[in-house]
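Residue-level structural notes
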Amino acid sequence: MVHTIYVGSYTSQITTLSFDPATGSLQVIGTTEAGPNPSWVATHPTDKSLLFASNEVDEGKIVLFKRSEDGKLELLQSVWSGGAGTAHFAVGEKEVVAANLSPPALLAPPNQPVKFDFPGTGPDADRQEGSHPHQVAVHPSGKELLIPDLGSDKVWTLGRNAETQSWEVKGELQTKAGHGPRHLIVKGETVYVLNELENTMSTYPLPAAGAKESACLSLLTPPTQPAKGMLGAEVLLSESTPAYPEPLIYASNRNDPHAEGDSIAIFTTADSAGGFSLVKEVRTGLNHLRAVTFGGEEDKYLVVGGLNGGGIKVFERTDGGRNLKEVAHLGAGV
């Protein structure tokens, strides 16, 4: 089976790739104009013919496309996100909730921005001079949103207003000063927060509001310490499947000066037999590794890209998901 991959960018285009596992071929099959800096791309949870992208610019936008069977994209709509630097968004059945870096705002139907007062700063004067929401994470129950705020060292929790059903702030999780929470995942009764500025991942019990950190691990194999300028980027959770029965966490690093490029750290979960622990660090040969995504049946593949070098690679999950093997590579220039 040939897979289609959509690649966001800091250009004006979304690039469409074709990946054939049988031959190891990974090639460009098309490009689509998507407005400036379509940096985050996601599909609708049930209607996979709908693809969304964010324009991460001063006047942020959410752009909607219709996907055809051959992978081509048709522009349907583009709306203002309510702020600047639209870094991430979550797509629900009937709404898109977008996180803007400045000013803090969320966008939900009917395309009316709902602005929130996310106060606070952090000790890093360059990165934490004010609130910078970096993700909209939907709690598995669907009843709560978790918003990692890199600028204030907090994770905001939002719930529905009982009367209006609009989102409103219900509480906050305070991370340690200088952690710079970027992205998170939820599994069972635990929240896993990737701390961009410290290259670590912290765990907190649910409910998130008011929770205290229960563990914090480095994204690098001890005793290695992150070099200046290294940053955590993305975190993913693999679900249990027949081929990969053990749920695992995959976290990416950026700007590693190591000769073999940035790495992906693989962790067991807090509710596993061995508890939350780092089991493998896989070098990718990529520079400034940003978004990472699963693909294929049972999330067999991990697709990664280097913004500043190395191109795009597809890794196959091996050893039950505890290791990665490179199976396709498209050189720099995408």
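All figures in this text were calculated on a predicted structure; none of them were measured in a lab. (Residues numbered from 1 in each chain as written. Predicted model: local features only at pLDDT ≥ 70, side-chain atom pairs only at ≥ 80, totals over all residues. Heavy atoms only, no water.)

Examining the side chain of asparagine 55
Put simply, the rule reads: Under the DSSP-based scheme used, a helix requires at least four consecutive residues in state H or I and a strand at least two consecutive residues in state E, with every element numbered from the N terminus. Only protein chains enter the accessibility calculation, which uses a 1.4 Å probe; a residue whose area is less than 20% of its type maximum is buried, one above 50% is exposed, and one in between is partly exposed. We call two residues contacting when some pair of their heavy atoms lies within 4.5 Å.
Relative to the elements of secondary structure, asparagine 55 occurs in strand E5 (residues 50–55). Judged by relative accessible area, which is 4%, asparagine 55 ranks as buried. Once you skip the residues sitting within four places of it in the chain, asparagine 55 turns out to touch Ala34, Gly35, Pro36, Asn37, Pro38, Gly60, Lys61, Val63 and Thr86.

Points about the environment of threonine 157
In this structure, threonine 157 sits in strand E14 (residues 154–160). Taking C-alpha positions, threonine 157 is 25 Å from valine 79, a pair spaced 78 residues apart along the chain. Residues within four places of threonine 157 in sequence aside, it is in contact with Glu144, Leu145, Leu146, Glu168, Val169, Lys170, Gly171, Glu172, Ala208 and Ala209.

Quick notes on the environment of threonine 241
To keep it simple, the criterion reads: Side-chain atoms alone can form a polar contact between residues adjacent in sequence; in general such a contact is a pair of N or O atoms within 3.5 Å, and within protein one must be able to donate a hydrogen while the other accepts it.
Positionally, threonine 241 belongs in the loop between strand E20 (231–238) and strand E21 (248–254). You can call threonine 241 buried: its relative accessible area is 17%. Sequence-wise, threonine 241 and glutamate 297 are 56 residues apart; in three dimensions their C-alpha atoms are separated by 9.8 Å. Within polar-contact distance, the side chain of threonine 241 engages the side chain of glutamate 298 at 2.8 Å.

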